[in-house]
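Letter by letter, the chains look like this.
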Amino acid sequence: MFIQTEATPNPATLKFIPGRVVVDGSPMEFSSREAATRSPLAEKLFDVPGVTGVFYGSDFITVTKASGEWQQLKPAILGAIMEHYMSGAPLLADGTAQGDADLDDEDEFFDEADAETVDMIKDLIETRVRPAVANDGGDITFRGFKDGIVYLNMKGACSGCPSSTATLQHGIQNLLKHFVPDVVEVRPM
């Protein structure tokens, strides 16, 4: 098994590409050791000293570190990923590989009168923003819309990335304002 690695715009996050499907459906994020208990692979990755976050995309895994150098961390991370896939173990402890889409939808907030606007915003995020963000090892999801402000949740490599504010305000905000006149601002949540 050959696992490729790619740098992300976030220097604290590295993207690992195992050459197979990681998550069937929407992405999953584990931002703590406690959250990782539902995934044997995420638990193993959190056992590597310095690892503070794990994110599963459709065909990649991003790992975020708080300390240590990638040169020292990479072999242990690659070993954990390879061992997991070679064992044939399921991605999640319950035996599934489904994403967190249902959890994401639960927290959405917007006025029903804005439903049509929200549908346009979600469509633009899904078709134009998410593919680009996934390329960088992360994900972005719609959280809400109120008083012209779009609230988005950034995950994976995008969470805590030094350039995420610029991405939100200059890239995504400009795109949404161009296509959806009701949008006045985009904020992270």
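Above this note sits the structure.
On a predicted model such as this, the values are computed, not experimentally measured, just so you know.

1. Structural notes on the overall build of the protein chain
And then number 1: Looking only at helices and strands, the protein chain features 5 helices and 9 strands.
And then number 2: Walking the protein chain from its N terminus toward its C terminus, one meets helices and strands in the order β-β-β-α-β-β-α-α-β-α-β-β-α-β.
And then number 3: When each of the 189 residues of the protein chain is scored for burial, the buried share is 44%.
And then number 4: Here the analysis covers contacts within the protein chain between residues at least 6 apart in sequence; of these, 62% occur between residues at least 24 apart.

2. What to know about helix H2 (residues 70-87)
And then number 1: Counted at 1.5 Å a residue, the expected span for H2 with its 18 residues is 26 Å, and the 25 Å between its end C-alpha atoms agrees.
And then number 2: Of all the positions in H2, only Trp 70, Leu 73, Ile 77, Ala 80, Ile 81, His 84 and Tyr 85 are classed as buried. Take H2 and look down its axis: the buried residues cluster within an arc of 125°, on one side only. Facing away from the buried side of H2 by over 90 degrees, the exposed positions are Gln 71, Gln 72, Pro 75, Met 86 and Ser 87.

3. Overview of helix H4 (residues 115-135)
And then number 1: With 21 residues, H4 extends 29 Å from end C-alpha to end C-alpha; this agrees with the ideal 30 Å at 1.5 Å per step.
And then number 2: Bending of H4 peaks at approximately 45° at the position of Val 129, with proline Pro 131 no more than four residues after it.
And then number 3: In the segment just after H4, Gly 137 is the residue with positive phi, at about 90°.

About the thresholds
- Residues numbered from 1 in each chain as written.
- Predicted model: local features only at pLDDT ≥ 70, side-chain atom pairs only at ≥ 80, totals over all residues.
- Heavy atoms only, no water.
- Helix = DSSP H or I, 4+ residues; strand = E, 2+ residues; numbered from the N terminus.
- Buried < 20%, exposed > 50% of the residue type's maximum accessible area, 1.4 Å probe, protein only.
- Contact = heavy atoms within 4.5 Å.
- Expected span 1.5 Å × (residues − 1).
- Arc of directions from axis to C-beta.
- Bend = angle between axes of the 7 residues up to and from the residue.

These values are about where atoms sit, not about what they do.
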